Amino acid sequence: MYGFDYHRPGSVADATSALGGADDGKYLAGGQTLLATMKQRLAAPSDLVDLGGIADLKGISVSGGTVTIGATTTHAEVAASADVQGAIPSLAALAGDIGDRQVRNAGTIGGSLANNDPAADYPAAILALGATVTTNKREIAADDFIKGLFETALEEDEIITSVSFPAPTSGAYMKFKQPASRFALVGVYVAKTADGVRVAVTGATSHAHRGPRLEAALNENFSASAVDGVEIPVDHMNVDIHAGAEYRANLVKVMAKRAVEACG
Amino acid sequence: MSETGIGAAVRRKEDQRFLTGNGNYTDDINVFGQTYAAFVRSPHAHAKINGINTSAAAAADGVVAVLTGEELAADGVGPLICGWNIAGKNGVEAHNSPVHHALAMGKVNYVGDHVALVVAETQGQADSAAEMVEVDYEELPAVVGTGSALNHTTTIHEEAPANMCYDWEIGDSAATDAAFASAAHVTTVEVVNNRLIPNAMEPRACLAQYNQGTGDWTLHVTSQNPHVHRLVMSAFNGVAPEHKLRVIAPDVGGGFGSKIFIYAEEVVCTWATRKVGRPIKWTAKRSESFLSDAHGRDHVSKAELALDADGKFLALRVNTKANLGAYLSTFASAVPTYMYATLLAGTYTTPAIYCDVQGVFTNTAPVDAYRGAGRPEATYLLERTVETAAREMNIDPAEIRRRNFIQPDAFPYQTPVVHQYDIGDYGASLEKACEMADVGGFAARRSDSESRGKRRGLGYSSYIEACGIAPSAAVGALGGGVGLWESADIRFNATGSVTVMTGTHNHGQGHETAFAQVVSDKLGVPIENIEVVEGDTDKGPFGMGTYGSRSIAVGGSAIVKAADKIIEKGKKIAAHCLEAAEDDIEYDGGNFTVAGTDKVMNIAEIAFTAYVPHNYPEGVEPGLHEQAFYDPLNFSFPAGVHICEVEVDPTTGETEIVNYTAVDDFGTIINPMIVEGQVHGGIGQGVGQAMLEGANYDDNGQLVTGSYMDYTMPRADNLPNFNVGTTSTPSPLNPLGVKGAGEAGAIASPPAVINAITDACGGAMIDMPATQEKVWLACQAAE
Ligand SMILES: Cc1cc2nc3c(=O)[nH]c(=O)nc-3n(C[C@H](O)[C@H](O)[C@H](O)COP(=O)(O)OP(=O)(O)OC[C@H]3O[C@@H](n4cnc5c(N)ncnc54)[C@H](O)[C@@H]3O)c2cc1C
């Protein structure tokens, strides 16, 4: 790891000004992605602005059928939250199956979404549940937030402050794990929402995305057998040593069916 | 059986310190004035070096020295060596052995190859300066594939035309061909034995120090064989004279073979410590371990088995291409030859066998012994072939093995490929395993799986291994450069406690407990009064180290010999003190008794008398301290049968091991709990090889599986509860009747797992690792 200056601001305003004053600064949340890349000398920020000291970014609240999770809330906190378990049990389950115990105790929802790994779990959750990402500047609908491979709508100094999830009627996330990293080789989140069935897929392509064909089929007939008839295009599927395009496409279907069955 | 003697499940003495974080590993040791090393490594698989500019690095903060191969050579430090010469076909006397510089001289041959050493005040400074060393590389095409290395358009080493290290053969080609001509059925199988990366929990490390006052070097190093390290580094690398170099291998966190070898890092640091006048510490980062620890296995083979109409094996013909990597590691040449093809008879009476092996160089990390070393390759090839033959001929896979087993009354049994097996009862292990695995209930379990949309399969593996490595003369005759005896030193203290030293090394095997049990059993000393000391060339006698499941069979036998000498001397002392004739002294469990009387002296009293010899037999030396060297009469031959049962989800290829049964014949068992632990760990590694692990280099020779994000280690939830049993035919050839248990699980399990998976998926070949995608594809093809 290269040397860097460390800041621990107490407010969002102080955080943005600390970043503004830095040569090439980065926000630090759980460090579960950022610190690993720094240790491998693949990233060399001049300054780290730690968001962990900002009280406003922490915590979980429920109101009017919407769960709002502060950006620095850890995966473990989301998984263990009675509020999340009560309102959106599939979201609590998703958080509880991210990485390992150490990762869940440090990694945060804000960090995960800002990073937008193509195989991360939360991006599928915000798309399927139609969540809203709130930053220090604006509110961004999930469908507008995810832009591409490790790419989001966030500007350089923009801070995610919280994420709001409207509770669905029912929902389920099925994750088929890449055997080594145990990130999602393919993950499919199916939710019955006020706007109909929403389906999001992660791991399969360069970034998490909605599954319009699956949604159409399931809006017509919400059953596992409806998934059988859907053709999953293979052309944009990721291909790596762990899975080829055909296999990933197959997993999208199988995970979608399992998720539909789990929705009940 | 006493509570702490041979056969007792004594809890491991060493676990207290390991489980409480009090282990003392090389990286835990820090000394005054210590500096830190970083190695500049090649980012290319194959490249010429046109120049190295170290000036920016040398001027960087905290840098003590930047050293290259030129300086190493100028100081006369010799290249790394391979200690086993393989003679080839047609009278070729020696394999092609390219020079392996510890720091590159004009060329690099794999990603991770060592180019320069940076020594600095802190690790961070060393790492930063290493990035400033400017190396002018001229890239060359990379040779990567095992099967395609021979006659590749690129030659890696001038000394090895066509990238061939050796073209070696064993067995009787004419007899084998003749048997094929008369066969009723021939089964042909092409198998790949996947390349593995060892991944010991503790990465390799060393701490080299030079004492200007005495002219002595001390090297702490992660070694399975500190005396071998010292011997090679003095005799071949010439970094320090043997009597001036102390090598200490303290607690070592796993080796699996990868810490046998004498690597560039310890040679270079031991040389450099004197040059810079400061102690130097180097600890591999995990990514360096992936790139530069010697990898394991990596064979591409074709096997043909000739059978008569009843499924009796008539002959076996095998061709293997073995990837040796970019250079020959310390014992690399022996692994795909004498450690491999000599086991191709397996547990069967196959009368004619012929195997030839081409050892090839590629632009990949060196490949050497890894848990099982050659024997897993033989077992996998043979047991895949046998299972395939059974399917093709519609014979039950257990039955085809029964028909071909060497029978218990046939020992000693001379195979057509060098080994003479001492003893065994393979049928006993098979029958016990079938019962424990409830093979009878399999059909019902399979239909239950099918009713749930799943597939189910059962796979067998009947393995044998050659352990207790090894009779020195036999090793020498086959080209080995060392003797493989073992030593022991039993030192009674005046108060009756005992210090036992042996030349083996404990890095997970529980020697501190098992060896203490042997001594406790033989000498009647309570186990808490026995200390087993290994791993320091200044303390114990010269010894050859731990690998090849040799420690109890060879080291344990040396301990028994030394204990016998103690008893012999004790009888003389007892006879004098008890005023009896020496012949009248009977020894049992630590007590020396005058036959037919109640006159007795305990061994603790004997020890005290020996050190305070006021009333003492004339002509007998004071002290109670004996040493023994033991050269084994033969290898030992653990064998057994493993049965794996899997359930497969054909929609995804998800494969669950639902039952795993292991029945092993290890002969006498010193500590059944330790042995069971060894079996569990071995099966874990074997399941890893069969289903999860596989080193992957891309066409440019870049390691794709260079971290745990892509290289899949087996984890607890990949493994079932193991169903472990034993049978026992004690070896008649060593005093304990032991055979060795360290590698069996890793040897037996891969074919059992793959035979089960292929059984579930319609019978077609699935190469290791049987990933979920491969299993899914096989299920698709079967449907
Ligand atoms: C072993 C391991 C296994 C893992 N397995 C999984 C898995 O199965 N599924 C999965 O989804 N993830 C997995 N992860 C990733 C984990 O979820 C991380 O928590 C996540 O990638 C990053 O979150 P973090 O809080 O650690 O962010 P950091 O690493 O601190 O930051 C990541 C990036 O986000 C930026 N950032 C952080 N917070 C904010 C914010 N509030 N506003 C704006 N930018 C911000 C940082 O500047 C940085 O660029 C795994 C990680 C590891 C190490």
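Residues numbered from 1 in each chain as written. Chains lettered and ligands numbered in written order. Predicted model: local features only at pLDDT ≥ 70, side-chain atom pairs only at ≥ 80, totals over all residues. Heavy atoms only, no water.

A. Structural view of the overall build of chain B. Check the secondary structure of chain B and you find 19 helices and 28 strands. Expected size for 783 residues packed as a compact globule is a radius of gyration near 28 Å; at 27 Å, chain B falls within 12% of this value. C-alpha extents for chain B along the principal axes are approximately 85 × 75 × 55 Å. Burial statistics for chain B: of 783 residues in total, 61% are counted as buried. Summarising the internal contacts of chain B: among those between residues at least 6 apart in sequence, 80% fall at separations of at least 24. A total of about 26900 Å² of accessible surface is found on chain B, and carbon and sulfur atoms cover 50% of it. A gap of 1 Å separates the mean positions of the 52 positive and 95 negative side-chain charges of chain B. (Helix = DSSP H or I, 4+ residues; strand = E, 2+ residues; numbered from the N terminus. Rg over C-alpha atoms; globule rule 2.2 N^0.38 Å. Buried < 20%, exposed > 50% of the residue type's maximum accessible area, 1.4 Å probe, protein only. Contact = heavy atoms within 4.5 Å. Areas by Shrake-Rupley, 256 points an atom, 1.4 Å probe, with all protein chains shown as cover. Lys, Arg positive; Asp, Glu negative; His and termini not counted. Charge placed at Lys NZ, Arg CZ, Asp CG, Glu CD.)

B. Fine view of the interface of chain A and chain B. Of the residues lining the interface, 21 residues belong to chain A; the matching set on chain B comes to 22 residues. Where chain A abuts chain B, roughly 1700 Å² becomes buried across the two surfaces, and 48% of that area is made up of carbon and sulfur atoms. In terms of surface lost to chain B, no three residues of chain A exceed Arg182(A), Ile241(A) and Tyr247(A), which account for 32% of the buried area on that side. Run the count over chain A and chain B and you get four salt bridges. When the shortest N-O distance is used, the salt bridge between Arg41(A) and Glu131(B) registers 3.4 Å. Applying the counting rule to chain A against chain B returns 16 residue pairs in polar contact (both at pLDDT 80 or more). (Buried area = accessible area lost by both parts, 1.4 Å probe. Salt bridge = Lys/Arg side-chain N within 4 Å of Asp/Glu carboxyl O. Polar contact = N/O pair within 3.5 Å; in protein donor to acceptor, adjacent residues only side chain to side chain.)

C. Unusual backbone geometry, seen in detail. All names here are of chain B. The step from Phe411 to Pro412 runs through a cis peptide bond, and the omega angle for that step is -5 degrees. Following the sequence through the fold, Pro412 ends up in the loop between helix H10 (397-404) and strand S16 (413-414). The phi torsion at Phe256 lies on the positive side, around 55 degrees, for a residue other than glycine. The backbone of Val418 sits at a positive phi, close to 75 degrees, despite the residue not being glycine. Within the secondary structure, Val418 is located in the loop between S16 and strand S17 (420-421). Look at Val418 and you get partly exposed, because its relative accessible area is 42%.

D. Just the site of the ligand, in detail. All names here are of chain A. By nearness alone, 30 residues border the ligand, and Tyr27, Gly31, Gln32, Thr33 and Thr108 come closest of all. At a separation of 2.8 Å, an oxygen atom of the ligand approaches a polar backbone atom of Gly30. Those elements that place two or more of their residues in the shell around the ligand are strand S2 (25-28) and helix H7 (109-115). Looking at the shell around the ligand, the element that brings in the most residues is H7, giving five residues. Classifying every residue of the shell around the ligand gives 13 nonpolar, twelve polar and five charged. (Near = heavy atom within 4 Å. Nonpolar A, V, L, I, M, F, W, Y, C, P; charged D, E, K, R; others polar.)

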